[in-house]
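Reading the structure
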Amino acid sequence: NTVQYRIRRLRKIVMKIHTIKGYINNLFIAEYDHGLLLLDGASPADLPVIENFCIKTLNRPVSDIKLSVVTHMHPDHSGAAPLLRKKYGTRIAAYKHIDKWYKGPTGWLQHILDCLMAQLVAMKQDTKIRKVFSQRITRPDFLVTGGDLLPDFPEWRVIYTPGHTAHDIALFHAEKRILYCGDSIIVVKNRFYLPLPVIFKKKMRHSYKELASLGASTILIPHGETIHTDNSRDVFREMLSLLDEPPNRLRRRVHYFSVWSPDIWKPTVRKLLFG
């Protein structure tokens, strides 16, 4: 294995996207000669899956994951990133205000509720229950915003896409027209669905319009199958139409359990008090 690894390192590796079946969502690793990029932070339950894939499939040490991006703070997209940093030195990039989401007592409550909802998703998928409770404060090594290029992987541009939360980001590889959209799109049995929940509807609408303008030909979906398209505007036009539909009972229930972040209620209180 050591000889194979050294031979591999002598060859120039063209960027390749690997898809891994995670605990409740798909994980994506971009492989380069100089290192690996984890496109989202995964859940704590995914750490052994990531380790096994690097060592047994890629024949590379886990420490080759140079950067993990946290697209938003929900536990299935953030939980493994701090564990990788502690164990292997993997640095974290995330939106500049990401740690406001679970801040304070109500943020703690929202974190507990989100972890429980992640386990409900696992149960619905008939997945064996594993650890999903994560750190609620990430302390990213790199604070990014829309338009920034990822450190060590400048081919990938950060797209700010609030709506699902206040701090969602997506990643776009312009040369290869690959978009990792985070939770902006959910695909189940070839049908498009909005993420649960959509907290900021107006911001979500703007995010879909910006994503539509990118002209992506490949859209990587953590919750669903990868989309290959000649016209991504049609995809996001469909998502925009879903925003106009009245919420069903499930969406309303999830929304009720998703409004405790100070990023949600503090602006609402300020608006009521000061207009």
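The following paragraphs examine the structure supplied in this document.

What counts and what doesn't
- Residues numbered from 1 in each chain as written.
- Predicted model: local features only at pLDDT ≥ 70, side-chain atom pairs only at ≥ 80, totals over all residues.
- Heavy atoms only, no water.
- Helix = DSSP H or I, 4+ residues; strand = E, 2+ residues; numbered from the N terminus.
- Rg over C-alpha atoms; globule rule 2.2 N^0.38 Å.
- Buried < 20%, exposed > 50% of the residue type's maximum accessible area, 1.4 Å probe, protein only.
- Contact = heavy atoms within 4.5 Å.
- Areas by Shrake-Rupley, 256 points an atom, 1.4 Å probe, with all protein chains shown as cover.
- Lys, Arg positive; Asp, Glu negative; His and termini not counted.
- Charge placed at Lys NZ, Arg CZ, Asp CG, Glu CD.
- Pairing = 2+ DSSP bridges.
- Axes fitted to C-alpha atoms, helices over the stretch in contact; angles between N-to-C directions.
- Parallel < 35°, antiparallel > 145°, perpendicular 65-115°, else oblique.
- Salt bridge = Lys/Arg side-chain N within 4 Å of Asp/Glu carboxyl O.
- Right-handed = clockwise from strand over helix to strand, strands pointing away.

For the rest of this paragraph, the subject is the overall build of the protein. Counting its regular elements, the protein contains nine helices and 14 strands. Taking 19 Å as the expected radius of gyration for a compact globule of 275 residues, we find that the protein reaches 18 Å, a close match to that expectation. When its C-alpha atoms are laid out on the principal axes, the protein stretches across 65 × 40 × 40 Å. For the protein, buried positions account for 53% of its 275 residues. Looking at the protein alone, contacts between residues at least 24 apart form 68% of all its contacts between residues at least 6 apart. Surface accessibility of the protein: about 13,700 Å² in total, with carbon and sulfur atoms responsible for 56%. One way to put it: in the protein the 42 positive side-chain charges average out to a point 4 Å from where the 25 negative ones average out.

Strand order in this open sheet of six strands is 1-2-3-4-5-6, and the pairing throughout is mixed. Two strands bound the open sheet, and with one partner strand each, they are strand 1 (16–21) and strand 6 (142–144). With direction set aside, neighbouring strand axes in the sheet form an average angle of 25 degrees. Relative to strand 6, strand 5 (residues 91–95) runs parallel, the two being bridged by three bridges. Across the sheet, residue Ala93 finds its bridge partner in strand 6, namely Phe142.

What follows deals with unusual backbone geometry. Each neighbour pair has its own omega, and for Leu196 with Pro197 the value is -5 degrees, a cis peptide bond. Tracing the backbone through its elements, the reader meets Pro197 in the loop between strand 12 (191–193) and helix 6 (201–212). At Ala42, a residue that is not glycine, the phi angle is positive and equals roughly 60 degrees. In this fold, Ala42 is placed in the loop between strand 3 (36–38) and helix 2 (47–57). According to the relative accessible area criterion, Ala42 is buried, its value standing at 0%. Unlike most non-glycine residues, Asn190 shows phi in positive territory, near 65 degrees.

For any two helices packed against each other, the geometry comes down to the angle between their axes and how far apart the axes lie. Running from N to C, helix 2 and helix 4 (residues 80–88) point in directions that differ by 55 degrees, and their axes come no closer than 10 Å. As judged from the angle between their axes, helix 2 and helix 4 are oblique. Contact with helix 2, carried on its side by Leu47, Ile50 and Glu51, involves Ala80, Leu83, Leu84, Lys87 and Tyr88 of helix 4 and no other residues of that element.

Bringing the pattern of salt bridges into the picture now. All chains considered together, the criterion is met by seven salt bridges. A salt bridge links Arg91 to Asp152, with the nearest nitrogen and oxygen atoms 2.6 Å apart. With Arg91 in strand 5 and Asp152 in the loop between strand 7 (149–150) and strand 8 (153–160), the pair connects residues that are 61 residues apart, well separated along the chain. Assessed through its relative accessible area of 34%, Arg91 is described here as partly exposed. The salt bridge partner of Arg237 is Asp234, with a shortest N-O separation of 2.4 Å. Linking Arg237 with Asp234, this pair stays in helix 7 (residues 232–243), spanning three residues, or about one helical turn. The structure contains a network of salt bridges with shared partners spanning Glu31, Arg60 and Asp64.

Successive side chains on a regular strand alternate, one facing one side of the sheet and the next facing the other. Counting buried positions along strand 4 (residues 65–70) yields five of six residues, so the element is predominantly enclosed. In this sheet, strand 4 lies alongside strand 3 in parallel orientation, the contact comprising three bridges. Across the sheet, residue Leu36 finds its bridge partner in strand 4, namely Ile65. As a crossover connection, the stretch from strand 3 through helix 2 into strand 4 is right-handed. Where strand 4 meets strand 5, four bridges bridge the pair, whose relative direction is parallel.

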